[in-house]
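If you want the building blocks of each chain, they are given just below.
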Amino acid sequence: MEVKTSLLDNMIGVGDMVLLEPLTADSFLENLRNRFDHNEIYTYIGSVVISLNPYRSLPIYTPDKVEEYRNRNFYELSPHIYALADEAYRSLRDQDKDQCILITGESGAGKTEASKLVMSYVAAVCGKGQEVNKVKEQLLQSNPVLEAFGNAKTVRNDNSSRFGKYMDIEFDFKGDPLGGVISNYLLEKSRVVKQPRGERNFHIFYQLLSGASDETLKKLKLERDFSKYNYLSLDSAAVNGLDDAANFRTVRNAMQIVGFMEDELHSVLELVAAVLKLGNIEFKHESRCNGIDESRIKDKNDLKEMCELLGIEQSVLERAFSYRTVEAKLEKMSTTLNVAQAYCARDALAKNLYSRLFSWLVTRINESIKAQTKARHKVMGVLDIYGFEIFEDGDNSFEQFVINYCNEKLQQIFIELTLREEQEEYVREGIEWTNIEYFNNAIICDLIENNQNGILAMLDEECLRPGTVTDETFLDKLNTICGEHQHFESRLSKNSKFLTDHSLPHNCFRIQHYAGKVLYRVEGFVDKNNDLLYRDLSQAMFKANHNLMKQLFPEGNPAKVNLKRPPTAGFQFKASVGTLMKNLQTKNPNYIRCIKPNDKKTPHIFTDSLVRHQVSYLGLMENVRVRRAGYAFRQPYEPCLERYKMLCRRTWPHWRGPAREGVEVLMGDLQVPHEEFSYGRSKIFIRNPRTLFFLEERRRQCLRDLATLIQKIYRGWKCCSRFLLLKKSQVVVAAWYRRYAQQKKYQQIKSATTVVQSYTRGWQARKLLRELKYQKKCEKAATTIAAYWHGTQVRREYRKFFRANAGKKIYNFAIQRIAQKYFLGLKSSLPSMSPIDKSWPVRPYVFLDGVHSELRRIFHLWRCKKYRSEFTSEKKAVFEEKLEASELFKDKKTLYPSSVNQPFKGDYLEISKNPKYQKLSSTVDEKVLLADVVNKINRANGKGTARIFLLTKKNFILADQKTGQVKASVPLPDVTSVSVSTQSDGFFALKLREGSASAVKGDFLLSSEHLIELITKLHHVGVTAADQEQLNVDISDEFLVQFKQDKVCVKFIQTPPKNGNGASCKRRNNRLLEVSVPLTV
Ligand SMILES: Nc1ncnc2c1ncn2[C@@H]1O[C@H](COP(=O)(O)OP(=O)(O)O)[C@@H](O)[C@H]1O
Ligand SMILES: [Mg+2]
């Protein structure tokens, strides 16, 4: 079910000023402030929306909000600009009523933002589709283009629109947008040539210079530096939060979307550049011989560049800045311009050029966005125009005057349309029309626009009058003609009331506008109204070789010389306001009144005086009064009954009859005085907000009571149902508990019974068992007795046969048992199979001594055999060698024991693998049995020299250790014996057969670390070779060695043990070498 809400729900202050009680300026302000402080920036006056500028983004414009306000009634939700936009759009679509949205307020109050919000809301809720979206996009993108050319940074607003804008958006019968038409009013063109302090020129100039590419700037003959251009005030060129370069791209893009061609865009930029160039043209005096001062251009460079840009002949323009041609009917006269006039002419040209360019842009946009079909369409107009403008210090000029005039006219329409609408509603609802008291400002409009004696007519008359015309003559005229008007005030008016009023200076007049008094300074009125551009200049412009320029200055066409003066600015404005009013009058108006809460452009600040001033000149109090003149509040019967039905017993909770009768019953019951309300056809009209608030208050109280009632019933119901639930649960819990308790008790009894039973049974069984055992014992005893008895009898009978053989048999048996036990025991306790394991079980009986040691010997032999049988042939050879070594050295040489556990490696040098010995190994063609490094002892000093010792089957070889060069190769048969000592040294002497070829150099005295192995191998070769004699091995501590001719004795002596080196050899004399061998411990 959709929840029906109302504006009146959760209201902060009052959402609709019509309901304000009491209605005073203070309460009005207080209400606005209160709402503003709570972020409620929108407030209604009836159907008018007041909008306060929050100066920060509020989260109230999201797509969700759009959905919230879509298709809801105006007063259903809290005030919002979307509610107004929705109302306008729906009555346009559904009731076929053209709409206009009038947005007013002073500069910076948020008008332009409001107009964009309305447009974006409508764009969001209207139809979708490719074509429709394109139209929407074009309409929305026209904004950035117009803002670039028509907006500027001012003191009040960084993006202030310096023109009034009215845009008609056209829709088809379905409510889809078809296109639009834009009208512009009163561009503030004076800004082009001069800007107040702290303000900037129009955005486009800065955007062009910051955003255009270098190439474009070069084409336009521009430089990026702002300071190069006189028309760009410098003090506020950069604006915080405004990225001119990025905006330039946005504008270019928007222009493309809207449909500008590339060359059009370029022409537009050329004109913008021309304006900047124009500003740089400066003049100087030149005195002529006739004594008249003439102006001349100072530096012609800028002029030249501008002329090149626009294709104007330089001399033509130069002349136009120095002379002025006055054409009367038949005559043509040329007068010279002085410097001041030349500057005026230059500025007038710049202003005209720019404002015409702006108008052309609007026309061009209109061409693009105009509806393509001719079908009948509905229109929604959005007017974004200045509100009343009052400068406090009386600095109001012609511009303020026309703007305020426009606002007077808008107020007229407002009054007219509001009253008309009010009246129509009364008629529709069948309520008697009571005359409404309000101030009608038609009289002020008349003061300004009357064709005979209106101020604008006076001004035009003054401007067209021959003779000297000044602002003062204009004021005189006003004093005479309008002096007596009750809304006109001047120091010198006929009505001498103001003669002594010092707040009214002499050069000013004051008008009492409907929104307050405004003081206008007459200075500049005539010039601004004339808005003259010398014909020479427009002709020069027309001559330009530039398409767009030609279009902008059609009056310069010599073929169409028109001697009539162009219409004055005032006249043009009045005419366009007139057209606008006519246009608006045919439409259903919707108002947005924008208010600026502070002058600092900052959020959260609400300056009372500022807002009070705006409230007054926007005529908001007037609005409320008009709105309240008849009935302040009205509501259809259904929602009224729905809202207040709880206030009466008969309508609560349901009223069965028609809603109107229900409301009548309700009002009767509440005793509301009859003059306070009227019954219309479909609505009830309430005269005074007080009545409404009375109803609301009653409703609030009633809701509170109802809430209490509902709470009460709910709480009662809740407690009751909780109690019932508890009770039901208790029964269930009790049932379960009892069952559990009984079960437990039963289990206990059952187990107790079982215990008792088992005890009894046990007792019975034990008793039976005892009896049976007793019986069995008795039987056994009887049997034993019987057996003994039989035994005794048998023994008695056989005793005589038994004694003769028993001893021997028992002995044999015992011996057999013992032997059996010994063998079985030995079997299980045999030692390991290792031949070196010396363990053997202990002999159990002395009489087994021989067997025991014999078995040990047999077992040892057997396991040795087993061990041997597992030998491979290599291992066997190794053992044989070891055995041979043992035979040779055991118990003969002290060195031997240490060699037993060293494996005989043979090739210690890895002679065939080591690349170092490659050459050496290649000279030996037999298998090398041993390769090792030995020391060859030098006879002369007993020192050793390292030699490689190689042993093959046929010979042994000594070679140089480093080079591997063979020093000696001796066939083994030439070796007769080898001598070694009995001690732990490694010295040995190889003795050679006398007379053999090898013996020439004598015997070899060598020492080796592997002596035992070396000698064993040498001996073994002799044993195994059939053709060799067996080698003698002499072991003694003194032997002779034959060195060449001499025999030298080598003697070994023992020295006490020492660390480090082993045996050392020393020469004692010619015939004795002494080897000292340290005693090994
Ligand atoms: N509804 C809004 N929400 C947030 N900021 C706003 C709103 N209305 C206005 N503003 C701010 O105020 C500035 C001036 O608004 P603008 O519409 O340009 O004023 P105006 O057109 O009345 O001169 C905007 O640039 C924006 O920063
Ligand atoms: Mg604006």
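Residues numbered from 1 in each chain as written. Chains lettered and ligands numbered in written order. Predicted model: local features only at pLDDT ≥ 70, side-chain atom pairs only at ≥ 80, totals over all residues. Heavy atoms only, no water.

S.K.: Would you explain the overall build of the protein in this entry?
M.R.: Along the protein, the regular secondary structure elements total 32 helices and 31 strands. Its C-alpha atoms give the protein a radius of gyration of 67 Å, more than 25% over the compact-globule value 31 Å for 1081 residues. Out of the 1081 residues belonging to the protein, those deemed buried represent 47%. In the protein, of all internal contacts separated by at least 6 residues, the share reaching a separation of at least 24 is 63%. Entry remark: accessible area of the protein is about 58,100 Å², with carbon and sulfur atoms responsible for 54%. Distance between charge centroids for the protein: 18 Å, based on 163 positive and 130 negative side chains. (Helix = DSSP H or I, 4+ residues; strand = E, 2+ residues; numbered from the N terminus. Rg over C-alpha atoms; globule rule 2.2 N^0.38 Å. Buried < 20%, exposed > 50% of the residue type's maximum accessible area, 1.4 Å probe, protein only. Contact = heavy atoms within 4.5 Å. Areas by Shrake-Rupley, 256 points an atom, 1.4 Å probe, with all protein chains shown as cover. Lys, Arg positive; Asp, Glu negative; His and termini not counted. Charge placed at Lys NZ, Arg CZ, Asp CG, Glu CD.)

S.K.: Looking at this model, I keep getting lost on a positive patch on the surface. Mind explaining?
M.R.: Together, Arg795, Arg796, Arg799 and Arg803 make up a positively charged patch on the protein surface. Relative to the elements of secondary structure, Arg796 occurs in helix H26 (residues 689-802). (Patch = residues over 30% accessible without salt bridge, like charges linked within 9 Å, V, L, I, M, F, W, Y side chains within 5 Å. Salt bridge = Lys/Arg side-chain N within 4 Å of Asp/Glu carboxyl O.)

S.K.: Explain the site of ligand 1 here, please?
M.R.: Within the structure, ligand 1 sits among 16 residues, and Asn53, Gly108, Lys111, Thr112 and Glu113 are positioned closest to it. Gly108 has a polar backbone atom sitting 2.7 Å from an oxygen atom of ligand 1. Ala109 places a main-chain nitrogen or oxygen 3.2 Å from an oxygen atom of ligand 1. The protein chains hide 83% of the 550 Å² of surface that ligand 1 would expose on its own. A total of three residues in the shell around ligand 1 trace back to one element, the largest contributor, which is helix H4 (residues 111-125). Taken together, the residues that form the shell around ligand 1 break down as four nonpolar, eight polar and four charged. (Near = heavy atom within 4 Å. Polar contact = N/O pair within 3.5 Å; in protein donor to acceptor, adjacent residues only side chain to side chain. Nonpolar A, V, L, I, M, F, W, Y, C, P; charged D, E, K, R; others polar.)

S.K.: Would you mind showing me how to read the sheet that holds strand E13 (residues 488-490) here?
M.R.: To summarise the sheet geometry, strands pair through backbone hydrogen bonds and adopt either a parallel or an antiparallel arrangement. Here three strands make up an open sheet; going across it, the order is E13-E14-E15 and the pairing antiparallel. This sheet does not close on itself; its edge strands, each paired only once, are E13 and strand E15 (516-521). Ignoring which end each strand starts from, the neighbouring axes of this sheet average 25° apart. For strand E14 (residues 508-513) and E15, the ladder comprises six bridges, and the chain directions are antiparallel. Looking at the pairing, Arg510 lines up with Leu519 of E15. This element, helix H15 (residues 442-449), spans E13 and E14 of the sheet and lies at about 150° to E14. (Pairing = 2+ DSSP bridges. Axes fitted to C-alpha atoms, helices over the stretch in contact; angles between N-to-C directions.)

S.K.: I keep staring at unusual backbone geometry and nothing clicks. Help me out?
M.R.: If a residue is not glycine, its phi is most likely negative; likewise, a peptide bond is most likely trans. Here the residue pair Glu21 and Pro22 is connected by a cis peptide bond, since its omega of -5° sits within 30 degrees of zero. Here Pro22 is to be found in the segment before helix H1 (25-37). A positive phi angle, near 55°, is found at Lys601, a position not held by glycine. Among the secondary structure elements, Lys601 is positioned in the loop between strand E16 (588-595) and helix H22 (608-617). Accessibility expressed as a relative area gives 25% for Lys601, which makes it partly exposed. Not every positive phi belongs to a glycine, and Gln671 is a case in point at roughly 55°. Looking at the element boundaries, Gln671 is found in the loop between helix H25 (659-670) and strand E18 (677-679).

S.K.: Looking at this model, I keep getting lost on the state of the cysteines. Mind explaining?
M.R.: By definition, a disulfide links two cysteine residues through a covalent bond between their sulfur atoms. By the definition in use, this model includes zero disulfides. Of the cysteine sulfurs around Cys406, a residue in no disulfide, the closest is that of Cys445, at 10 Å. Judged by relative accessible area, which is 2%, Cys406 ranks as buried. (Disulfide = S-S within 2.5 Å.)

S.K.: When you look at the nonpolar core in this model, what are you seeing that I'm missing?
M.R.: Taken as a class, soluble globular proteins show a tendency for nonpolar side chains to be buried jointly. Grouped together as the largest cluster of nonpolar side chains are 189 residues, with contacts concentrated most on Phe28, Phe149 and Phe509. In this structure, Tyr896, Ala968, Val970 and Leu990 belong to the second largest nonpolar core, which totals 31 residues. (Core = buried A, V, L, I, M, F, W, Y, C linked by side-chain atoms within 4.5 Å.)

S.K.: Can you walk me through the packing of helix H14 (residues 398-429) against H15 in this structure?
M.R.: Angle between the axes and distance between the axes are the two parameters that describe a pair of packed helices. Interhelical geometry of H14 versus H15 gives an angle of 145° and a closest axis separation of 9 Å. Relative to H15, the crossing made by H14 is left-handed. Of the residues in H15, those in contact with Phe401, Tyr405, Glu408, Lys409 and Gln412 of H14 are Ala442, Ile444, Cys445, Ile448 and Glu449. Split into classes, the residues belonging to the contact of H14 with H15 amount to six nonpolar, one polar and three charged. (Left-handed = near helix turned anticlockwise from the far one by under 90°.)

S.K.: Hey, could you run me through helix H11 (residues 300-310) in this one?
M.R.: An α-helical segment advances 3.6 residues per turn. Residues three or four places apart therefore align on the same side. Every buried residue of H11 is accounted for by Asp302, Leu303, Met306, Cys307, Leu309 and Leu310. With its buried residues spanning 160° around the axis, H11 presents them on a single face. Close packing links the buried residues of H11 with helix H8 (214-219), helix H10 (262-280), strand E9 (293-297), helix H12 (314-320), helix H19 (535-542) and helix H20 (547-552). With a side-chain oxygen lying 3.1 Å from the backbone nitrogen of Asn301, the N-terminal cap of H11 falls on Asp299. (Arc of directions from axis to C-beta.)

S.K.: Can you help me understand the sheet that holds strand E30 (residues 1064-1069) in this one?
M.R.: Ordered in space as E28-E29-E31-E30, the four strands form an open sheet in which the pairing is mixed. Of all strands in the sheet, those with a lone pairing partner are strand E28 (1038-1043) and E30, marking the two edges. Taking the axes of each pair of neighbouring strands and ignoring which way they run, one obtains an average angle of 30° across the sheet. By the bridge criterion, five bridges tie E30 to strand E31 (residues 1072-1078) in an arrangement that is antiparallel. By the bridge assignment for E31, Arg1067 is matched with Leu1073.

S.K.: Whenever I open this one, the pattern of salt bridges confuses me. Can you help?
M.R.: Where side chains of opposite charge bring their charged atoms close, a pairing between them can arise. Tallying each qualifying case throughout the model produces 60 salt bridges. Among the ionic pairs, Glu188 bridges to Arg191, the shortest N-O distance being 2.7 Å. Arg191 sits in the buried class, given a relative accessible area of 2%. Note that Glu489 and Lys517 form a salt bridge whose closest N and O atoms lie 3.2 Å from each other. Remark: Lys517 occurs in strand E15 and Glu489 occurs in strand E13; sequence separation between them is 28 residues. For Glu489, a relative accessible area of 2% gives the class buried. On the basis of relative accessible area, Lys517 is assigned to the partly exposed category, the value being 46%. Salt bridges linked by common partners bring Glu106, Arg156, Lys596 and Asp599 together as one network.

S.K.: What am I meant to see in the coordination of the magnesium ion (ligand 2) here?
M.R.: Coordination of the magnesium ion (ligand 2) by the protein comes from Thr112 (OG1) and Ser161 (OG), over a distance range of 2.0 Å. Linking Thr112 in helix H4 with Ser161 in strand E5 (residues 160-161), this pair joins segments that are 49 residues apart in sequence. (Donors = N, O, S within 2.8 Å, 3.2 Å for Na, K, Ca; no water.)

S.K.: How should the side chain of Asp172 be read in this particular structure?
M.R.: Along the chain, Asp172 turns up in the loop between strand E6 (164-171) and strand E7 (177-185). Within the local environment of Asp172, its side chain forms a polar contact with the backbone nitrogen of Lys174, the two atoms lying 3.0 Å apart. When residues no more than four places from it in sequence are discounted, the contact partners of Asp172 are Leu178 and Lys378.

S.K.: Whenever I open this one, the side chain of Asn450 confuses me. Can you help?
M.R.: Among the structural elements, Asn450 can be located in the loop between H15 and helix H16 (455-464). Separated by 2.8 Å, the side chain of Asn450 and the backbone nitrogen of Gln452 make a polar contact. With residues near it in sequence (within four places) discarded, Asn450 still touches Cys445 and Ala457.

S.K.: When you look at the environment of Glu313 in this model, what are you seeing that I'm missing?
M.R.: One can find Glu313 in the loop between H11 and H12. Look at Glu313 and you get exposed, because its relative accessible area is 56%. With 227 residues separating them along the chain, Glu313 and Ala540 place their C-alpha atoms 8.3 Å apart.

S.K.: How do you make sense of the packing of aromatic side chains when you look at a structure like this?
M.R.: To describe a pair of aromatic rings, one takes the distance between the centres and the angle between the planes. Inspection of every chain in the model, using the stated rule, returns 37 aromatic pairs. Seen in terms of ring centroids, Tyr637 and Tyr679 are 6.5 Å apart; in terms of plane orientation they differ by 40°. Their pairing is tilted. Highlighted residues: Tyr637 in helix H24 (residues 637-644) and Tyr679 in strand E18, separated in sequence by 42 residues. In this structure Tyr679 comes out as partly exposed when scored by relative accessible area, which is 23%. (Phe/Tyr/Trp six-rings, centres within 6.5 Å; stacked < 30°, edge-to-face > 60°.)

S.K.: Whenever I open this one, helix H29 (residues 873-889) confuses me. Can you help?
M.R.: Here H29 contains 17 residues, and its C-alpha end-to-end distance of 24 Å stays within 8% of the 24 Å for a straight helix at 1.5 Å per residue. Looking at H29, one finds that the buried residues are Glu881, Lys882, Glu884, Ala885, Ser886, Leu888 and Phe889. Of the residues one or two after H29, Asp891 is the one with positive phi, at around 65°. (Expected span 1.5 Å × (residues − 1).)

S.K.: It is not clear to me how the pairing of strand E20 (residues 930-937) should be interpreted in this structure. Could you clarify?
M.R.: The two faces of the sheet receive side chains in turn, since in a regular strand these alternate between them. In this sheet, strand E21 (residues 944-951) lies alongside E20 in antiparallel orientation, the contact comprising eight bridges. When the bridges of E21 are listed, Ile937 appears paired with Gly944. In this antiparallel pair of consecutive strands, E20 and E21, the connection spans six residues, and Gly942 shows a positive phi of 80°. Looking at chain direction, E20 and strand E26 (residues 1004-1007) are connected through two bridges and run antiparallel. Residue Lys936 lies in a different strand from E26, and its bridge partner there is Leu1006.

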